[in-house]
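Here are the chains, one letter per residue:
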Amino acid sequence: MLTGLRSLNISSNSLNLHGINAIGDVLTMITSLSSLDFWKNGLGHAGWERIGELLDCCVLTEINGLSIKRLGARGDLEQLDISVMTVGFHECFGVLAHFLPRNASSLVHLVARGSDRDDGMALTKVLWPCLGCLTVLKSLDLSQNDHGFNVSLIELRNLIALESLDLRKCKLNAAGWNYVADVLEELKCLTSLNGSALYLTVRIGGLEELCLEETELGVVVARYLPCSSSTLTKLDLRFNELDSDCGTALAHWLSLLTNLSWLSLSGNCLDAAGGTVIGKAIAGLTTLRSFDISSNTLGKEGVLAVSSYLVGLSLLESVEIHDNLVTGEWKAVAAEFARLPALTRIVLLHHERSGLHLDDSTIIYIRELLLQVTDLYLC
């Protein structure tokens, strides 16, 4: 028996769970062992959970280059960063999940950002279900976890002390964001959501302007828009990762904003179906003067559908609808917008972004068709 052994590296040996069970008892007998490396052994979730159990019986102070204290073995962690960029945590999620409940009464800040993770399923099965025990947690950053992330596995309702939550770039769909919105109604301490301090303000209502650019809060706040239905004049939802399902979830609430004059949905993921439902929703917003739905994926069908719903908006002066995967039929598109009586500005095409160029005859035709437009962007 190597009774004086202090450091052991058995990485890259394909030990798997059976191998861990075979040497587990031996490891607990080496009382001098303080450092252990288990990298790349194909342990799987169960294997790492077994490692966690072994750590309870050993005097180890370090595993895979991480201190046991840092993994929460002592139950006194106040802050923890297990982001993918944080060196050492890869493959240790099972161990972390084993220790996490010990820190339920101490951990107040947890950062678990991802960036093109390849361990999304490990987090989904092992770590996320454990977060519900952290009842004193004040800030939780789970942004950029876009591989296998399922927000419903996290018992957010139990995080009663939570003040800040970030779920940006997690590719949540409309159902996921609605789940979040339902849960957050029960969390009374939350003041910051997705990096924005406007969440509580939106719930209170009476807003005149609301800028949520790059916050991905479109679906979450939608149910509270009626609280500002008669006061809100400007709504900015640019770059909110809104797809067609999110557009559908948002559309009904948009239709209630009877005083809205400025709306931007630029830089989202709305296709023809999403654009159509949005167009139908705003068709009755007779106070609307400026509308931007550029840089989506409407296509010709979506652009024509949107424009057909705008015809009744007698005050609409400015429209931006460029960069929507329209590659032809520009004359038909322009003909639809020619029906807008107050239109003075329209951006149909940005060739620097799309790489498209209109021939001279098409440009002449569109300019003659849109004589009332003083600011016409076709190139």
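Keep in mind the model is a prediction, meaning the values are calculated, not measured.

S.K.: Describe in detail the overall build of the protein chain, supporting the description with residues and values.
M.R.: Assigned secondary structure in the protein chain consists of 13 helices and 16 strands. Along the first, second and third principal axes, the C-alpha set of the protein chain runs to 90 × 45 × 25 Å. Counting over 379 residues, the protein chain shows a buried share of 49%. Once local pairs closer than 6 in sequence are excluded, the contacts in the protein chain between residues at least 24 apart make up 77%.

S.K.: So what about helix α8 (residues 244–254)? Which residues, and what values?
M.R.: Among the residues making up α8, those that are buried are Ser-244, Cys-246, Gly-247, Leu-250, Ala-251 and Leu-254. For α8, the buried positions fall inside an angular range of 140° around the axis, keeping them on one side. Each element contacted by the buried residues of α8 is listed here: α5 (174–184), α7 (218–222), β11 (234–236), β12 (262–264) and α9 (272–282). With a side-chain oxygen lying 3.2 Å from the backbone nitrogen of Asp-245, the N-terminal cap of α8 falls on Asp-243.

S.K.: An account of the sheet that holds strand β16 (residues 375–377) is requested, with residue identities and associated values reported.
M.R.: Within the open sheet, the seven strands sit side by side as β10-β11-β12-β13-β14-β15-β16. Their pairing is parallel. At either margin of the open sheet sits one strand with a lone partner, and together these are β10 (209–211) and β16. With direction set aside, neighbouring strand axes in the sheet form an average angle of 5°. The sheet contact formed by strand β14 (residues 318–320) and strand β15 (residues 345–347) spans three bridges and is parallel. Paired with Ser-318 across the bridge in β15 is Arg-345.

S.K.: Let's hear about the pattern of salt bridges: which residues, and what values?
M.R.: Enumeration over the complete set of coordinates arrives at eleven salt bridges. Lys-169 is the partner of Glu-241 in a salt bridge, and the nearest nitrogen-oxygen pair spans 3.1 Å. Placement of the pair is Glu-241 in the loop between β11 and α8 and Lys-169 in the loop between β8 (164–166) and α5, with a sequence separation of 72 residues. Residue classification places Glu-241 among the partly exposed positions, given a relative accessible area of 37%. When the shortest N-O distance is used, the salt bridge between Arg-339 and Glu-336 registers 2.9 Å. With a relative accessible area of 47%, Arg-339 lands in the partly exposed category. Each of Asp-182, Glu-185 and Arg-223 takes part in a single network of salt bridges with overlapping partners.

S.K.: Talk me through the nonpolar core; I want residue IDs and the actual numbers.
M.R.: Counting residues in each nonpolar core, the largest one holds 114 residues, and the members touching the most others are Ile-51, Leu-140, Leu-235, Leu-265, Phe-291, Leu-310 and Phe-337. No other element matches α5, which puts seven residues into this core. If we ignore the near neighbours within four places in the chain, the residues touching Phe-337 are Val-303, Ser-307, Leu-310, Val-319, Ile-321, Leu-343, Ile-346, Leu-348, Leu-370 and Gln-372.

S.K.: Quick rundown of the sheet that holds strand β6 (residues 109–111)? Include the residues and the values.
M.R.: Spatial ordering of the open sheet is given by β5-β6-β7-β8-β9, a layout of five strands whose pairing is parallel. Two strands lie at the open edges of the sheet, namely β5 (79–81) and β9 (192–193), each paired on one side alone. When β6 meets strand β7 (residues 139–141), the two strands line up parallel, connected through three bridges. When the bridges of β7 are listed, His-109 appears paired with Ser-139.

S.K.: Residue-level account of the side chain of Asp-166, with values.
M.R.: On the secondary structure map, Asp-166 appears in strand β8. A polar contact is formed between the side chain of Asp-166 and the side chain of Arg-168, at a distance of 2.6 Å. Discounting residues that sit within four places of it in the chain, Asp-166 has contacts with Leu-140, Asp-141, Leu-142, Ser-143, Asn-194 and Gly-195.

S.K.: I'd like a rundown of the packing of helix α11 (residues 330–337) against helix α13 (residues 360–369), residues and numbers included.
M.R.: At a minimum axis separation of 9 Å, α11 and α13 run at an interaxial angle of 10°. As judged from the angle between their axes, α11 and α13 are roughly parallel. Contacts from Trp-330, Lys-331, Ala-334 and Ala-335 in α11 reach Thr-362, Tyr-365, Ile-366 and Leu-369 in α13. Its residues assigned to classes, the contact of α11 with α13 shows six nonpolar, one polar and one charged.

S.K.: Just give me the short version of the side chain of Ser-11, but keep the residues and values in it.
M.R.: In this fold, Ser-11 is placed in the loop between β1 (7–9) and α1 (16–29). Of the polar contacts made by the side chain of Ser-11, one reaches the side chain of Asn-9; its length is 2.8 Å. When sequence neighbours within four positions are dropped, the list of residues in contact with Ser-11 reads Asp-37, Phe-38, Trp-39 and Asn-41.

S.K.: Pulling in residues and values, what's your account of the packing of helix α10 (residues 299–310) against α11?
M.R.: At their nearest, the axes of α10 and α11 sit 8 Å apart, and the two run at 15° to each other. With respect to α11, the element α10 is oriented roughly parallel. Both α10 and α11 take part in a crossing whose hand is left-handed. Mapping the contact onto sequence places Val-303, Leu-304, Ser-307, Ser-308 and Leu-310 in α10 and Ala-332, Val-333, Glu-336 and Phe-337 in α11. In the contact of α10 with α11, the residues fall into six nonpolar, two polar and one charged.

S.K.: Outline the state of the cysteines, supporting the account with residue identities and numerical values.
M.R.: Under the definition given, this model contains zero disulfides. Summary of cysteine pairing: Cys-211 is not part of a disulfide, and the nearest cysteine sulfur, belonging to Cys-269, is at 18 Å. Owing to a relative accessible area of 44%, Cys-211 belongs among the partly exposed residues under this scheme. Free of any disulfide, Cys-269 has its nearest neighbouring cysteine sulfur in Cys-246, separated by 8.6 Å. Assessed through its relative accessible area of 37%, Cys-269 is described here as partly exposed.

Thresholds applied
Residues numbered from 1 in each chain as written. Predicted model: local features only at pLDDT ≥ 70, side-chain atom pairs only at ≥ 80, totals over all residues. Heavy atoms only, no water. Helix = DSSP H or I, 4+ residues; strand = E, 2+ residues; numbered from the N terminus. Buried < 20%, exposed > 50% of the residue type's maximum accessible area, 1.4 Å probe, protein only. Contact = heavy atoms within 4.5 Å. Arc of directions from axis to C-beta. Polar contact = N/O pair within 3.5 Å; in protein donor to acceptor, adjacent residues only side chain to side chain. Pairing = 2+ DSSP bridges. Axes fitted to C-alpha atoms, helices over the stretch in contact; angles between N-to-C directions. Salt bridge = Lys/Arg side-chain N within 4 Å of Asp/Glu carboxyl O. Core = buried A, V, L, I, M, F, W, Y, C linked by side-chain atoms within 4.5 Å. Parallel < 35°, antiparallel > 145°, perpendicular 65-115°, else oblique. Nonpolar A, V, L, I, M, F, W, Y, C, P; charged D, E, K, R; others polar. Left-handed = near helix turned anticlockwise from the far one by under 90°. Disulfide = S-S within 2.5 Å.

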